[in-house]
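# Residue-level structural notes
Okay, here's what each chain looks like letter by letter:
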Amino acid sequence: MIRLDHVDKTYRTRRGDLVPALADVSLDVGDNEFVSVVGESGCGKSTLLKLVAGLTPPSRGTVRVRDQIVREPFVDVGFVFQQPVLLPWRSVLDNVLFSVEMLGLDVRQYRKRALDLIELTGLGGFETKYPRELSGGMQQRVAICRALLPDPGLLLMDEPFGALDAMTREEMSLELLRIWEERRKTILFVTHSIPEAILLADRVVVMTPRPGRVARVLAIDLPRPRTMDLEFDSRFKAASDEVRGLIFAGRKARV
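Residues numbered from 1 in each chain as written. Predicted model: local features only at pLDDT ≥ 70, side-chain atom pairs only at ≥ 80, totals over all residues. Heavy atoms only, no water.

Along its length, the protein chain carries 7 helices and 10 strands. Taken against the 2.2 N^0.38 rule, which gives 18 Å for 255 residues, the C-alpha radius of gyration of the protein chain at 18 Å falls within 12% of a compact globule. Seen along its three principal axes, the alpha-carbon backbone of the protein chain occupies a region of about 50 × 45 × 35 Å. Relative to its 255 residues, the protein chain shows a buried fraction of 51%. Expressed as a percentage of contacts within the protein chain between residues at least 6 apart in sequence, the contacts between residues at least 24 apart total 69%. Summed over all atoms, the accessible surface of the protein chain reaches about 12600 Å², with 51% contributed by carbon and sulfur. Here the protein chain contributes 37 positive and 35 negative side-chain charges, whose respective centroids are spaced 6 Å apart. (Helix = DSSP H or I, 4+ residues; strand = E, 2+ residues; numbered from the N terminus. Rg over C-alpha atoms; globule rule 2.2 N^0.38 Å. Buried < 20%, exposed > 50% of the residue type's maximum accessible area, 1.4 Å probe, protein only. Contact = heavy atoms within 4.5 Å. Areas by Shrake-Rupley, 256 points an atom, 1.4 Å probe, with all protein chains shown as cover. Lys, Arg positive; Asp, Glu negative; His and termini not counted. Charge placed at Lys NZ, Arg CZ, Asp CG, Glu CD.)

Once that is clear, we can look at empty space enclosed by the protein. All told, the structure shown has 1 cavity of 30 Å³ or more when counted by the stated rule. By volume, the largest cavity amounts to about 50 Å³. Along its surface, the largest cavity is lined by Ile 144, Leu 148, Leu 155, Leu 176, Ile 179, Trp 180, Arg 183, Arg 184, Lys 185 and Ile 187. Counting residues per element, the ones that place at least two in the lining of the largest cavity are helix 4 (136-148) and helix 5 (166-183). For the lining of the largest cavity, the element with the highest residue contribution is helix 5, accounting for 4 residues. Tallied by class, residues from the lining of the largest cavity come to 7 nonpolar, no polar and 3 charged. (1 Å grid on protein atoms, 1.4 Å probe; cavity = no way out; pocket = protein on both sides within 12 Å on 5 of 7 lines; lining within 4 Å. Points joined across faces, edges and corners; volume = space filled by probe spheres on them. Nonpolar A, V, L, I, M, F, W, Y, C, P; charged D, E, K, R; others polar.)

The 4 strands are arranged 2-1-4-5 in an open sheet whose pairing can be described as antiparallel. The sheet is open, and its two edges are formed by strand 2 (18-29) and strand 5 (68-69), each paired on a single side. Bridge count between strand 4 (residues 60-65) and strand 5: 2 bridges; the pairing is antiparallel. Across the sheet, the residue bridging to Arg 64 is Ile 69, located in strand 5. (Pairing = 2+ DSSP bridges.)

This next bit is on the pattern of salt bridges. Summed over the entire model, instances satisfying the criterion amount to 22 salt bridges. Notably, a salt bridge pairs Asp 24 with Arg 60, separated by 3.6 Å at the nearest N-O pair. One end of the pair, Asp 24, is in strand 2; the other, Arg 60, is in strand 4, and 36 residues separate them in sequence. The exposure class assigned to Asp 24 is partly exposed, which follows from its relative accessible area of 40%. Classification of Arg 60 by relative accessible area gives partly exposed; the value is 41%. With its nearest N and O atoms 3.8 Å apart, the salt bridge here joins Glu 159 to Arg 169. With Glu 159 in the loop between strand 7 (154-158) and helix 5 and Arg 169 in helix 5, the pair connects residues that are 10 residues apart, well separated along the chain. For the pair Glu 159 and Arg 169, a shared accessibility class is recorded, and that class is buried. Taken together, the salt bridges that share partners define one network made up of Arg 141, Glu 171, Glu 175, Arg 178 and Glu 182. (Salt bridge = Lys/Arg side-chain N within 4 Å of Asp/Glu carboxyl O.)

Take helix 5 next. The first and last C-alpha atoms of helix 5 sit 26 Å apart over 18 residues, in line with the 26 Å expected at 1.5 Å per residue. Buried within helix 5 we find Thr 168, Arg 169, Met 172, Ser 173, Glu 175, Leu 176, Leu 177, Ile 179 and Trp 180. On its buried side, helix 5 packs onto strand 3 (34-38), helix 3 (107-120), helix 4, strand 7, strand 8 (186-190) and helix 6 (194-200). Sitting at the amino-terminal end of helix 5 is Asp 165, which places a side-chain oxygen 3.2 Å from the backbone nitrogen of Met 167. Within two residues after helix 5, Arg 184 carries a phi angle of roughly 40 degrees, on the positive side. (Expected span 1.5 Å × (residues − 1). Polar contact = N/O pair within 3.5 Å; in protein donor to acceptor, adjacent residues only side chain to side chain.)

Packing of helix 2 (residues 92-102) against helix 3 brings their axes to within 9 Å, and their N-to-C directions diverge by 130 degrees. What the angle tells us is that helix 2 and helix 3 run oblique. Seen from above, helix 2 lies across helix 3 with right-handed handedness. In contact with Val 92, Leu 93, Val 96, Leu 97, Val 100 and Glu 101 of helix 2, helix 3 contributes Val 107, Tyr 110, Arg 111, Ala 114, Leu 115 and Ile 118. Tallied by class, the residues present in the contact of helix 2 with helix 3 amount to 10 nonpolar, no polar and 2 charged. (Axes fitted to C-alpha atoms, helices over the stretch in contact; angles between N-to-C directions. Parallel < 35°, antiparallel > 145°, perpendicular 65-115°, else oblique. Left-handed = near helix turned anticlockwise from the far one by under 90°.)

Okay, structure coming up:
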């Protein structure tokens, strides 16, 4: 589904300074695979998602989705941000339908699917409510429904649960796993939480400090469907220790 070949990304500041964000990143993500990306702040995780989405071009190398070089934003992708970014004057249903409106699709044909997604994510009965009437976790569920509505093959998620409290974050992680089991999308998921990355993913990509490089890609050998109880599994702890060791080793090397 996704292939990055020797990708660099360098930004230029207003003062003209060059800031390298990513360096020589190569990565493959398979069809319907769930891949988490972890690393310290500023290591280029969000930049990686923007490159895959076509929101910014690479400075060097190529980004491909379904064997097509990505040169601009494309239709077959859903993006979920850390903040739900809902329109306050629109109801839950109308916020979910907004994604197909923006694509110029016939909203009437997607109304039933939108209602099904709302039900799937536990928001049944809240279709006519407004964002101010929802909790943070419920708002993020609306954002996930909005991203899923056009039925994209690829879902990019940038710290989608980062602003939530610990209990809601765990609940949303399990909810996302349930949705993924039922709808099977390719997901590239950025997070700062090592346990969250391991719980969700088939593989975890560990990034070095800026400029971000792929330090290692770990296959997660844990059974599915997964629950929070897996955190007590010795394999979970071993994976967590390895990821944490790679991240902290990178920090020491930078100093």
